[in-house]
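Architecture at a glance
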Amino acid sequence: MLFSKSFLPTLREEPKGAECTSHRLSLKGSLLFMVSSGIYAYLPFGFRVLRKIENIIRKRMNETGAQEILMSALQPLEIWKQTGRDKDLEEVMITFKDRRGRQLCLGPTHEEEVTEIVKRYVSSYKQLPFTLYQIQTKFRDEARPRYGLVRSCEFIMKDAYSFDIDDRGLNFSYEVMFNAYKKIFKDCGLEFVTVEADPGAMGGNISHEFMVPADIGEDTLYFCKDCNLYFKKEGKCEKCGRKLKEEKMIEVGHVFKLGTKYSKAQEAYFLDKDGLRKPIVMGCYGIGVSRIISAIIEQNHDKKGIIWPKGVGGFDATLLVLEREDEFLFQEASLIYELLINRGFDILFDDRPEPAGVKFNDAYLIGNPYIIIVGKRYKENSKIELEVRRSGEKLNLNKDELIKFLNDNLKVNG
Ligand SMILES: [Zn+2]
């Protein structure tokens, strides 16, 4: 993409009202536009990042055999009354009446709706097991929206639901999802921990959270350095009895063994091998997709801006042409851009007639993993300078070496 033709309105001054690093850099780097408190629009750069994260999730979900669907954001309140969760989630659910007097809500989650769908079609054990998932916008009437995408009123989630004939099947589906989650957060370049948690309003008896250590985290875990274990409760280490250290965490994923809470309440039954009528055994699995963007930035930044891990940044690299008025350099940089694009790399070419300082500031701020510089040195000896955004390491490469370097370094695992 050409910077000169793109809508990438990075800010030179500090954005007003920023509440933490990821919020500040998302606004300054033109990832997000704040529509109102807790409500955001994704600008082109932010949307590219979002799409990359969604596609990592999609790839790992599809690998497990889960099938993607898209449920409605509008839901009749009626289905929530069957499980009693219209009351449990009353404080956060956005509800209203439409012009026909129907009571509706903007879905904060989808257990009830997916159970309605599945019970309509499933009647025999032969149709089980399977897992459905979606990536969709969810809504919460948040009393205290803050930290940008960390706690907002409208956010994007991946939610998956497994349907099994018994607990043994559920345990298997749960483990498959648990392992897929580990791959997803690793692919996103996140440092994370898992911990057993309280299922809360979701129900069921077992759940695990995926937590990202970050100063702005709203959850707290307690860490035993000797056992390398995290606990939900303060109190000494359950294993060795030593004192625990408090660490702040952002929750990015939560998986639940729901059991038969929803299938019993909504009468989602099937006939087993012996012709007995049984409730479907369910699990549900959530990932805060938009929140991952904040978590990545909280863990990956420096004074100059964001440092995207490979595979989740807006682009693979930013290509800078310095001395834009030099026709020779500009022609050469354009050829290098074409070459890299044709090789399948995702490149932002900063072709603007701006001073070098402005270009470097933007390249550091938006934080693509590599900065490729065509400047004075290229004129002297045809060497392209490559700066690794994370380490600041600088390499001088010819065209072939540049392509080899990018090929070797941008490969995302499996
Ligand atoms: Zn311990």
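Everything quoted here is computed from the prediction, not taken from an experiment.

1. Section: the overall build of the chain
- A count of helical and extended segments in the chain gives twelve helices and 23 strands.
- Across its three principal axes, the chain shows a C-alpha extent of roughly 80 × 60 × 45 Å.
- Counting the 414 residues in the chain, one finds 39% classified as buried.
- Sequence-distant contacts in the chain: of pairs separated by 6 or more residues, those separated by 24 or more amount to 68%.

2. A short note on the environment of Glu 14
- Relative to the helices and strands, Glu 14 is located in the segment before α1 (21-28).
- For Glu 14, a count of 9 C-beta atoms within 10 Å gives the class exposed.
- Taking C-alpha positions, Glu 14 is 7.6 Å from Arg 24, a pair spaced ten residues apart along the chain.
- With sequence-adjacent residues up to four places away left out, Glu 14 is seen in contact with Arg 24 and Lys 28.

3. What about the sheet that holds strand β5 (residues 94-97)?
- If you walk across this open sheet you meet the three strands as β4-β6-β5, and the pairing is antiparallel. Pairing within the sheet leaves two strands with one partner each, and these edge strands are β4 (74-76) and β5. Strand-to-strand twist across the sheet, computed as the mean angle between neighbouring axes with direction ignored, equals 35 degrees.
- The pairing of β5 with strand β6 (residues 103-106) spans four bridges and is antiparallel. Looking at β6, one finds that Ile 94 is bridged to Leu 106.

4. Considerations on the domain arrangement of the chain
- Taken as a whole, the chain is organised into domain 1 (3-302) and domain 2 (315-410).
- Taken over C-alpha atoms, the centre of domain 1 sits 38 Å from the centre of domain 2.
- Contacts between domain 1 and domain 2 engage six residues on the former and eight residues on the latter.
- In the side of domain 1 that touches domain 2, the residues fall into two nonpolar, three polar and one charged.

5. Digging into the environment of Lys 278
- Along the chain, Lys 278 falls in strand β15 (residues 277-279).
- Classification of Lys 278 as partly exposed rests on a count of 15 C-beta atoms within 10 Å.
- Taking C-alpha positions, Lys 278 is 66 Å from Arg 352, a pair spaced 74 residues apart along the chain.
- Setting aside chain neighbours within four positions, we find Lys 278 in contact with Tyr 269, Phe 270 and Asp 272.

6. Section: the nonpolar core
- Residues Ile 53, Cys 188, Val 212, Val 252, Leu 319, Ile 347 and Ile 372 are the most contacted members of the largest nonpolar core, which totals 96 residues.
- What Val 212 contacts, discounting residues up to four positions off in sequence, is Leu 190, Glu 191, Phe 192, Met 249, Ile 250, Val 252, Ala 295 and Gln 299.

7. Regarding the environment of Val 150
- Tracing the chain through its elements places Val 150 in the loop between β7 (130-139) and β8 (154-164).
- Look at Val 150 and you get buried, because 25 C-beta atoms sit within 10 Å.
- For the pair Val 150 and Ile 135, spaced 15 residues apart in the sequence, the C-alpha separation amounts to 17 Å.
- For Val 150, the residues in contact, after removing those within four places along its chain, are Ile 216, Ile 250, Arg 291 and Ser 294.

8. Notes on the packing of helix α2 (residues 44-63) against helix α6 (residues 167-187)
- Running from N to C, α2 and α6 cross one another at 155 degrees; their axes reach a closest spacing of 9 Å. Relative to α6, the element α2 is oriented roughly antiparallel. Crossing angle aside, the handedness with which α2 passes α6 is right-handed. Contacts between α2 and α6 involve Ile 56, Ile 57, Arg 60, Met 61 and Glu 63 from the former and Ala 180, Lys 183, Ile 184 and Asp 187 from the latter.

9. Some remarks on the sheet that holds strand β19 (residues 317-321)
- Spatially, the five strands line up as an open sheet ordered β20-β19-β21-β22-β23, and their pairing is mixed. In the strand order of this sheet, the two ends are held by β20 (347-350) and β23 (394-397), each with one partner. The sheet shows a mean angle of 20 degrees between the axes of neighbouring strands, taken without regard to direction.
- Taken together, the five bridges between β19 and strand β21 (residues 370-374) define a ladder with parallel strand orientation. In the strand pairing of β21, Leu 320 is matched with Ile 373.
- Across the sheet, helix α9 (residues 327-342) touches β19, β20, β21 and β22 (384-388), and the angle it forms with β19 is around 160 degrees.

10. Details of the packing of α2 against helix α8 (residues 289-299)
- Two elements in contact, α2 and α8, have axes whose closest approach is 10 Å; the angle formed by their N-to-C orientations is 115 degrees. Relative to α8, the element α2 is oriented roughly perpendicular. Relative to α8, the crossing made by α2 is right-handed. Every residue of α8 that contacts α2 at Val 49, Leu 50, Ile 53, Glu 54 and Ile 57 is listed here: Val 289, Ser 290, Ile 292 and Ile 293.

11. Section: the pairing of strand β1 (residues 32-36)
- Taken together, the four bridges between β1 and strand β2 (residues 39-42) define a ladder with antiparallel strand orientation. If you follow Leu 32 over to β2, its bridge partner there is Tyr 42.

Criteria and cut-off values
Residues numbered from 1 in each chain as written. Predicted model: local features only at pLDDT ≥ 70, side-chain atom pairs only at ≥ 80, totals over all residues. Helix = DSSP H or I, 4+ residues; strand = E, 2+ residues; numbered from the N terminus. Buried ≥ 20, exposed ≤ 12 C-beta atoms within 10 Å, placed from the backbone. Contact = placed C-beta atoms within 7 Å. Pairing = 2+ DSSP bridges. Axes fitted to C-alpha atoms, helices over the stretch in contact; angles between N-to-C directions. Domains from an automatic or database assignment. Nonpolar A, V, L, I, M, F, W, Y, C, P; charged D, E, K, R; others polar. Core = buried A, V, L, I, M, F, W, Y, C linked by C-beta atoms within 7 Å. Parallel < 35°, antiparallel > 145°, perpendicular 65-115°, else oblique. Left-handed = near helix turned anticlockwise from the far one by under 90°.

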